[in-house]
Amino acid sequence: MATFYVPAINLIGKGCIKEMGGYVKDLGYKKALFVTDNFLAKSEMIDVVLAELDRAAIDYVIYADVDPNPTCKNVNEGVAMAQAEDCDFIISFGGGSPQDAASAISIILTNGGKPQDYEGLHKSAKAGLPVVAINTTAGTSAEITINYVITDEERKVKMVMVDKNSLAKISVNDPELMLTMPKALTAATGMDALTHAIESMVTPGAYAVTEVLAAGAIELIREYLPKAVENGTDLDARDQMVNAIFLGGMAFNNAGLGYVHSMAHQLGAVYHLPHGVCCAMLLPIVEAENAKFAPERFRKVAKALGMAVTDEVSDQACADYTVEEIKRLSKVVGIPTSLNELGIKEEEFDYDYLSKNAMIDACAPGNPFTPTLEETIAMYKKLFQ
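The rules behind these values
- Residues numbered from 1 in each chain as written.
- Predicted model: local features only at pLDDT ≥ 70, side-chain atom pairs only at ≥ 80, totals over all residues.
- Heavy atoms only, no water.
- UniProt positions renumbered as here; feature names shortened; annotations may be inferred.
- Buried < 20%, exposed > 50% of the residue type's maximum accessible area, 1.4 Å probe, protein only.
- Helix = DSSP H or I, 4+ residues; strand = E, 2+ residues; numbered from the N terminus.
- Pairing = 2+ DSSP bridges.
- Axes fitted to C-alpha atoms, helices over the stretch in contact; angles between N-to-C directions.
- Contact = heavy atoms within 4.5 Å.
- Lys, Arg positive; Asp, Glu negative; His and termini not counted.
- Salt bridge = Lys/Arg side-chain N within 4 Å of Asp/Glu carboxyl O.
- 1 Å grid on protein atoms, 1.4 Å probe; cavity = no way out; pocket = protein on both sides within 12 Å on 5 of 7 lines; lining within 4 Å.
- Points joined across faces, edges and corners; volume = space filled by probe spheres on them.
- Nonpolar A, V, L, I, M, F, W, Y, C, P; charged D, E, K, R; others polar.
- Domains from an automatic or database assignment.
- Buried area = accessible area lost by both parts, 1.4 Å probe.
- Parallel < 35°, antiparallel > 145°, perpendicular 65-115°, else oblique.
- Left-handed = near helix turned anticlockwise from the far one by under 90°.
- Patch = residues over 30% accessible without salt bridge, like charges linked within 9 Å, V, L, I, M, F, W, Y side chains within 5 Å.
- Areas by Shrake-Rupley, 256 points an atom, 1.4 Å probe, with all protein chains shown as cover.
- Charge placed at Lys NZ, Arg CZ, Asp CG, Glu CD.

- For the protein, an unreviewed UniProt entry supplies the name Alcohol dehydrogenase class IV and the organism Trichococcus patagoniensis.
- On record in UniProt, under Sequence similarities (unreviewed entry), the comment for the protein is "Belongs to the iron-containing alcohol dehydrogenase family."

Put into structure tokens, the structure is as follows:
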């Protein structure tokens, strides 16, 4: 038996933002807590969204202080504003950071408590306040998933929450909102999407439906991510990347992730690095290790990445091709190859702390094998080679 989670209403494609106001109006919502970050709050894109809310006569108040790695402080401030302003729903506008912050705010508004109370699997008792999730990046799929991540500033830990009660009511993926996304962000979020798709195929939690979805995502990312990075105004490439993240999001939302995300979460929490960059750098390292334990899981991945997979091709050959193709694509879109390039010094790197936290991360159980502390440290060490 499998359970499949996806938002009830999903608006996808060019210009779909123009339909958002009508759907919100039909659901009877009155006033939104509009959750975003400072960059987007100053962008032209927000004017497009707010114009649609104004046209539908929907009231809102803006919380625009979400950090790149959203924190407990962000969540608590958002909760306080929503309560003070008597908001009956939330609009999240942005990439993974505003989406994750909105999910946490949503859960606390209906369940009470603090963000730390909900770390782990399905910790809430009640459905969160309704969320309309408007995505502006092609990568995290946070607008359609039951996963969200909040940084505990005191512990320097990214808390992973997997909670069906946090699922958005409406998701909006309009590629026209993504045309001005910078190259580096396009590359990072696109490689995050690739990581989602590959991990969701390699995990033991994969099943027929999620495998087909993930394979479709991989095929699209392989073809269209380089085009979107090279020319951000290529609307067709942006549109196809929207399709890719929707497919991949549905896949990992229901199959799960693995150790790439477990390790990446720790890098983001301690060093405040972009999540997609962390995933892209770790992906070939972790999958090379996974192939030692479950090489057969890589046949469909390799095929989706363009390999001619026949009965004569070995499982290991498929795994090797997968690892090399990940490296090739990362190079094409400009992902750094070493933490040294990001200004992190190995002599100051706390291998023990990061590795122990990776081992207890909520995504770790989805990996094909359970790495030891020594094996986790060895994988982190490869980020400096």
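What follows picks up the thread again.
Side note on the pairing of strand 9 (residues 170–173)
Part 1: Both faces of strand 9 are covered, namely the face carrying Ile170 and Val172 and the face carrying Ser171 and Asn173.
Part 2: In the sheet, strand 1 (residues 9–12) pairs with strand 9 via four bridges, with the strands oriented parallel. Counted as the bridge partner of Asn10 is Ser171 from strand 9.
Part 3: Bridge count between strand 6 (residues 131–135) and strand 9: four bridges; the pairing is parallel. Bridge pairing links Val132 to Ile170 in strand 9.

Focus on the sheet that holds strand 2 (residues 31–35)
Part 1: One open sheet holds the six strands; their spatial order is 1-9-6-4-2-3, and the pairing between them is parallel. This sheet does not close on itself; its edge strands, each paired only once, are strand 1 and strand 3 (59–63). This sheet shows a mean twist of 15° between the axes of neighbouring strands, independent of strand direction.
Part 2: On the sheet, helix 5 (residues 96–111) packs against strand 2, strand 4 (89–94) and strand 6 and is oriented at approximately 165° with respect to strand 4.

Overview of the side chain of Asp239
Part 1: By secondary structure assignment, the location of Asp239 is in helix 8 (residues 235–255).
Part 2: One buried charge, Asp239, has no salt-bridge partner; the nearest side chain with opposite charge is Lys14, at 4.3 Å.
Part 3: Apart from the residues within four sequence positions on either side, Asp239 is in contact with Gly13, Lys14 and Pro175.

Focus: empty space enclosed by the protein
Part 1: Here the structure, examined in full by the defined rule, presents one cavity of 30 Å³ or more.
Part 2: Reported here for the largest cavity is a volume of approximately 50 Å³.
Part 3: Taken together, Ser92, Gln99, Ala102, Ser103, Val131, Ala133, Ala142, Glu143, Thr145, Ser166, Leu167 and Ala168 make up the full set of residues lining the largest cavity.
Part 4: Of all the elements in the fold, those that place two or more residues in the lining of the largest cavity are helix 5 and strand 6.
Part 5: The dominant element in the lining of the largest cavity, judged by the number of residues it contributes, is helix 5, at three residues.
Part 6: Here the residues of the lining of the largest cavity are counted per class, giving six nonpolar, five polar and one charged.

Some remarks on the layout of surface pockets
Part 1: Roughly 950 Å³ of volume is contained in the largest pocket.
Part 2: With six residues, the single largest contributor to the lining of the largest pocket is helix 6 (residues 183–202).
Part 3: No fewer than three residues from each of domain 1 (9–177) and domain 2 (183–383) sit in the lining of the largest pocket.
Part 4: Counted as a void, the second largest pocket has a volume near 350 Å³.
Part 5: For the lining of the second largest pocket, a count of residues per class yields nine nonpolar, eight polar and no charged.
Part 6: Here the lining of the second largest pocket spans two domains, and each of domain 1 (9–177) and domain 2 (183–383) adds at least three residues to it.

Overview of the domain arrangement of the protein
Part 1: For the protein, the domain assignment lists domain 1 (9–177) and domain 2 (183–383).
Part 2: Placing a centre on the C-alpha atoms of domain 1 and another on those of domain 2 gives a separation of 25 Å.
Part 3: With 27 residues of domain 1 at the contact, the number on the domain 2 side is 31 residues.
Part 4: Carbon and sulfur atoms make up 65% of the surface buried where domain 1 meets domain 2, a total of about 2300 Å² over both sides.

Observations concerning the packing of helix 9 (residues 259–271) against helix 10 (residues 275–290)
Part 1: The contact between helix 9 and helix 10 brings their axes to 8 Å, and the two run at 140°. Considering the angle they form, helix 9 stands oblique to helix 10. With respect to the hand of their crossing, helix 9 and helix 10 are arranged in right-handed fashion. Between helix 9, through Tyr259, Val260, His261, Met263, Ala264, His265, Leu267 and Gly268, and helix 10, the contact on the second element is made entirely by His275, Cys278, Cys279, Leu282, Leu283, Val286 and Glu287.
Part 2: Counted by class, the contact of helix 9 with helix 10 contains ten nonpolar, four polar and one charged residues.

Here we look at a negative patch on the surface
Part 1: A cluster of acidic residues, Asp65, Asp67, Glu153 and Glu154, forms a negative patch at the surface.
Part 2: Tracing the sequence through the fold places Glu154 in the loop between strand 7 (147–152) and strand 8 (157–162).
Part 3: On the basis of relative accessibility, which here comes to 79%, the residue Glu154 falls in the exposed class.

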